Structures are given as structure tokens and as C-alpha cells.
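# Tertiary structure, described
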Amino acid sequence: MTEIEGYRVVPLRLTPDAKNCHSIYMREHFIRLMDPSKPKGRTLFLLNVPPYVTEASLQTFFKRAGNVETVLFAAKPGRDETIKWYESMEAPFSNTQTPFKFKVAYVVFQKSSSINKALAIQSIDLYNSGGESLIKTGMELWHDDYENNFILDVAKTQAKIDAYMADYDKRERAELEAAKTSEADADGWVTVGKDGRNAGFEQKESVIGRLENKLAKDKKTKELKNFYTFQIRESKMQNIVELRQKYEEDKRKIELLKQSRRFRPF
């Protein structure tokens, strides 16, 4: 068996008479940071896995080495890469699928003794005893993918919608009850509703107007005057302008008094 930098190189066969096969690189999975989903001593790591290979097909094949707990895919090795691979599938009523590209795989066994048995395998044969492939490729794969993801079953879709709406209504009722009892959530926030002890304020124009006026007054009171250099400079200039205006007004008054002959300086 060929080995490259610690990886066992094994051919991937879809039929018993396959000659030109794709190569898979596998070794025992181990990293410094522990990952609960990929336990040390029970996880087999596979590189260069083709896009058409499924979790079910690998799980079926590796059963010969021992009971398989789960099979996980990822775009590349990494602690959080598996989560990124499957996160798009969690959105309700979404046609988003996992990426169709080459990937890595993690095969988690129930017993650690299964790892050595898996590494001793000479080839990964994804076909049954009758020689039929366990996975679909080419036009068959595209046709099956279109039927499963783009042609909806009315009854199943309606059942999903009903289940989702029932869960949504349940969450809404729970939020309303929490608002009534004024219970704090996990972050310490209290939901304010129309009922209960923290009922908020009435949404009337008069009430909103008073609140806006109060906020404007508080803002004006807190405003710092003649604190910054530019404020002092502007204040002095404004004062000079006001003095000049007052001087001009006084001159006009004196002229008016002179014209009316009521001006008696002594």
C-alpha cells in the first residue's frame, strides 16, 4: 500500500472492474485542540473526497471496519469547518445545499479498535455485492438532485409549514408571558410590553411631544458653553457684534432726539 507523508493512499472504486480510480488519502485524525464531534482515537480523516461521495455511502462501506457513529464533511481541515459546511442546511424552507466540490471527510467510529482495521483496507469500494454503485453520478445524480430539491411534495411541505408555524406561535406566546411577568432573559434584558408592571407609556401625540421637549431641554442644559477654544472665540465675536449694534441704536436715538429738539445735554 502506498503511503505519502503519513497518509495511506487507497483507490476509490465505484464498480468491481474499475481500473483508473480516484485516490483517497486517509490517516487517523488527531489535533492539539480537542473537538467533541471528532473524538481522538476514534476518528478517521480522509482527504481528496470527490463531490459525488455521500455520508451514507462512506458509512455503509466503513461498517466492515466497525460500527460507525457518524460521517462529517468539510471544505478543508479545521475545527469549525464542519459547522460552516452544514450551516446553510439549517435555514427553514431553503433550497440551499452543501457545496458540490472536493472535500475532506471525518469518519467517527464507536470503538478505537476500528481505526486500525480501516487503515488496513486496500480500497474504498462504494458498490454492493451485486456490483451496483452505492452513489449516483453524472446525469443520474443531476436528475435525482432536481427531483429531491426543486420538485416539492405538497403534503410534506404543508406538514413542514404547519410544524414551523406551531413552533413560531409557541415562541410568541412564551415572549408575551415573559413580558407580562417582566422576567429578564439570559442577557439580563427585560421585555417591556403593554401589560404588566413595566407597561411603558401611552403612544399619544401629547405624551410623545412632552417627552421630546424634555429630551431637547435636557440636551440644552447639558451642553457645554465656552468650554472649547472655538466656543470662546465665537462668543467674543458675538459680543463685539452685539456691542456695535447697541452703539448704532444709541446713535439713532440721539439723532431722533436732536431732530425733535428735546435733546438737553445740560
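My aim in this report is to walk through the structure given alongside it, one point at a time.

## Here we look at the overall build of the protein
On a plain count of helices and strands, the protein comes out with seven helices and seven strands. Listing each helix as α and each strand as β along the protein from the N terminus yields β-β-β-β-α-β-α-β-α-β-α-α-α-α. Sorting the 266 residues of the protein into buried and exposed places 21% on the buried side. Counted over contacts in the protein with a minimum sequence separation of 6, partners at least 24 positions apart contribute 61%. When the accessible surface of the protein is split by element, carbon and sulfur atoms take 53% of a total near 20,500 Å².

## Here's the deal with a nonpolar patch on the surface
On the surface, a cluster of nonpolar side chains totalling about 330 Å² of accessible area is made up of Ile161, Tyr164, Met165 and Tyr168. Structurally, Ile161 is set in helix H5 (residues 154-181). Judged by its relative accessible area of 34%, Ile161 is partly exposed.

## Brief notes about the pattern of salt bridges
Under the defined criterion, the tally for this structure stands at seven salt bridges. The salt bridge partner of Glu3 is Arg8, with a shortest N-O separation of 3.4 Å. We note a salt bridge from Arg13 to Asp125, for which the minimum N-O separation is 2.9 Å. Here the residue Arg13 occupies a position in strand S2 (residues 7-13), and Asp125 occupies one in strand S7 (residues 124-125), the gap between them amounting to 112 residues.

## Some words on the nonpolar core
If you look at soluble globular proteins, the nonpolar side chains tend to sit buried side by side. With 26 residues, the main nonpolar core has Leu44, Leu46, Phe62, Phe109 and Ile124 as its most contacted residues. Mapped by element, the contributors of at least two residues to this core are S2, strand S3 (22-28), strand S4 (43-49), helix H1 (55-62), strand S5 (68-74), strand S6 (103-109) and helix H3 (113-119). Residues within four places of Leu46 in sequence aside, it is in contact with Ile24, Tyr25, Met26, Phe62, Val104, Ala105, Val107 and Ile124. Formed by six residues, the second largest nonpolar core is a distinct cluster that contains Tyr7, Leu72, Ala74 and Tyr106.

## Regarding the pairing of S3
The pairing of S2 with S3 spans five bridges and is classified as antiparallel. Of the residues in S3, the one forming a bridge with Arg8 is Met26. Bridge count for S3 against S4 is four bridges, and the pairing is antiparallel. What sits directly across from Arg27, in S4, is Phe45.

## Description of H1
Along H1, the positions that sit buried rather than exposed are Ser57, Leu58, Phe61 and Phe62. Taken end-on, H1 shows its buried residues confined to a sector of 120 degrees, consistent with a single buried face. Each element contacted by the buried residues of H1 is listed here: S4, S5, S6, H3 and S7.

## Focus on the side chain of Glu81
Take Glu81: it is sitting in helix H2 (residues 81-86). Not counting residues within four places of it along the chain, the set of residues in contact with Glu81 comprises Ala74 and Lys76.

## Remarks on unusual backbone geometry
Residue Glu5 is not a glycine yet carries a positive backbone phi of 50 degrees. Examined against the element boundaries, Glu5 turns out to sit in the loop between strand S1 (3-4) and S2. When its relative accessible area of 77% is taken as the criterion, Glu5 is described as exposed. For Asn48, which is not glycine, the phi dihedral falls at a positive 65 degrees.

Basis of the calculations
Residues numbered from 1 in each chain as written. Predicted model: local features only at pLDDT ≥ 70, side-chain atom pairs only at ≥ 80, totals over all residues. Heavy atoms only, no water. Helix = DSSP H or I, 4+ residues; strand = E, 2+ residues; numbered from the N terminus. Buried < 20%, exposed > 50% of the residue type's maximum accessible area, 1.4 Å probe, protein only. Contact = heavy atoms within 4.5 Å. Areas by Shrake-Rupley, 256 points an atom, 1.4 Å probe, with all protein chains shown as cover. Patch = residues over 30% accessible without salt bridge, like charges linked within 9 Å, V, L, I, M, F, W, Y side chains within 5 Å. Salt bridge = Lys/Arg side-chain N within 4 Å of Asp/Glu carboxyl O. Core = buried A, V, L, I, M, F, W, Y, C linked by side-chain atoms within 4.5 Å. Pairing = 2+ DSSP bridges. Arc of directions from axis to C-beta.

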